[in-house]
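A structural walkthrough
Next come the chains, spelled out residue by residue.
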Amino acid sequence: MPKALLIYNARLLDECTDGPGAVLVVEGSIRSVFHGYFTSSATVENFARAVLLEDGFSPDTPIDLYDALGLTLTPAFIDMHVHLRYPGQTHKEDLQSGLHAAASGGYGTVVAMPNTNPVVSSAEVAMRIEREAAAIGLTHLFQAVSITRDFGGTDTTHLDPIEKKYVPVISEDGRDVLSAATMLEAMSKASEKGIIVSCHCEDLTLGEQAKPFRAEALEIMKSSGLSAWGSDDASDDDETDAAVDRIDLALSRANELLAVAEDTSTVRNLMLAKQAGCHIHIAHVSTAVSVSAIREFKNDILDEMDESAANEADAAYQAFEDGEAFYPSKNNADGFAVTCEVTPHHLALCGTDEPYIRALVNPPLRSEDDRVALIQALRDGTVDVISTDHAPHTLDEKAAGSPGFTGLETTFAVCNTVLVRDCQFNPCRLSQLMSAAPARILGLKKGCLKPGYDADLTLVDVDEEWTVDSALFYSKGKATPFDGKKLTGRVKGLFIDGRLVLEKDLV
């Protein structure tokens, strides 16, 4: 006999809704959404039974009742950019630890990057990893496949048999494709299949020029006992001050080169995608110049749309200004589409300030002007989604200069704190950035509290203040610049396909 789940006494929050209510789940999907204050189950249970009777279910159909205790029920988050290090790097992360971290962070779906050992370069390997992840029974996993075979930079023949329904995303994340001709070839194949090309935009030759400056900074940091993930661990003495000055100078030189590397590659990849007529997704945008280029290409697409489509897009923009749903379709008749993501650390941290200039990540943390430009790009719709770029390393690897932070378990709190609390973002917009928009990009019926949508749901306390302690993370990666920081907003539970898979500290 089918079993129903009724979550009541909740604040319902998605891209269009913010108010009290309850959600009825049947067989893994949202069946009905009831709006109103239901602090006890009696009234709303009667509504739910009436709906079930309409659908032909027995009056005795069991309904599991879940009291949300006034907490916020929102569509589970969707992360288009994680590194789970599987296969081959399980000392950093594995499917068990990574998916538990994702669940703890409120994520119902993640897209894993292929920079593993060996590189994921076939649909068969990707599907095997997805089956292993599904057997764990937590967060859903899509495994991306590399743009070039084994990240070799020249061969794209492995893309020929790939189908979108099994592999919706290809990416060379961790690096870019050096050859423009090879990238155009891969994008053309992706265009034919409707596959998203997720681009790590970084000119590799400029990246090589930045390496000696980073190496110089790391050597000084190691001898001075300073971390490479933004901890405020510098002692207050003349010798340390002198070392910090030398570190800052070296890293500033590296970061200047890496900014140019990102900007030139962003424009190149956008131009190649336009030529190929593919859907390009720009990963971890971090500079004002790059976000301006993306905005320009998106506006060009809108200019090429016919009048009715343009009017629809204008209406969507106005809806956003009014605090309602906002997600204009930015693609032209040739199939060229542009979406992009930003990370919570690029939104929250200024990379020219101490100690965050020493928080090594690719792309680097940028200037305050860049950070403000990213927030503005969230406001005007240039940026489509927030992704974690969850990149776990051991502490020894971080000390040796491995770039990246763990992020799955802190992203909601960081974004709720920085965007909603500090910048007065509409919480519906944050839900859109973390749930509805990535679901649409990936073609998933998730991300909204609407009948017929998958019942991947996250329960959060948007007001709870807590202090990050990375030692308590499910992730094996403990390096985060937010360690010890006080944040507001905490994930309290996660439902996957209507099953409660995580619950913590509700009372």
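Figured I'd write up the structure that's included with this text. (Residues numbered from 1 in each chain as written. Predicted model: local features only at pLDDT ≥ 70, side-chain atom pairs only at ≥ 80, totals over all residues. Heavy atoms only, no water.)

Turning to the environment of Leu433, a few remarks are in order. Position of Leu433 relative to the elements: it lies in helix H13 (residues 427–442). Of the residues examined, Leu433 reaches a relative accessible area of 0% and is grouped as buried. Remark: the alpha-carbon pair of Leu433 and Arg379, spanning 54 residues in sequence, is separated by 11 Å. Residue contacts for Leu433: discarding those within four places in its chain leaves Leu378, Val383, Asp384, Val385, Ile386 and Pro438. (Helix = DSSP H or I, 4+ residues; strand = E, 2+ residues; numbered from the N terminus. Buried < 20%, exposed > 50% of the residue type's maximum accessible area, 1.4 Å probe, protein only. Contact = heavy atoms within 4.5 Å.)

The element strand E1 (residues 4–13) is extensively covered by neighbouring structure, given that 9 of its 10 residues are classed as buried. Note that E1 and strand E2 (residues 18–26) share 8 bridges and pair antiparallel. Bridge pairing in E2 places Ala10 opposite Gly21. Once E1 ends, the chain turns through 4 residues before running back antiparallel as E2. The pairing of E1 with strand E5 (residues 72–75) spans 2 bridges and is parallel. Paired with Leu12 across the bridge in E5 is Leu73. (Pairing = 2+ DSSP bridges.)

This brings us to helix H7 (residues 288–304). Taking 1.5 Å per residue as the helical rise, H7 with its 17 residues ought to reach 24 Å, and the 25 Å between its terminal C-alpha atoms agrees with that figure. Taken together, the buried positions of H7 are Ser290, Val291, Ala293, Ile294, Phe297, Lys298, Ile301 and Leu302. (Expected span 1.5 Å × (residues − 1).)

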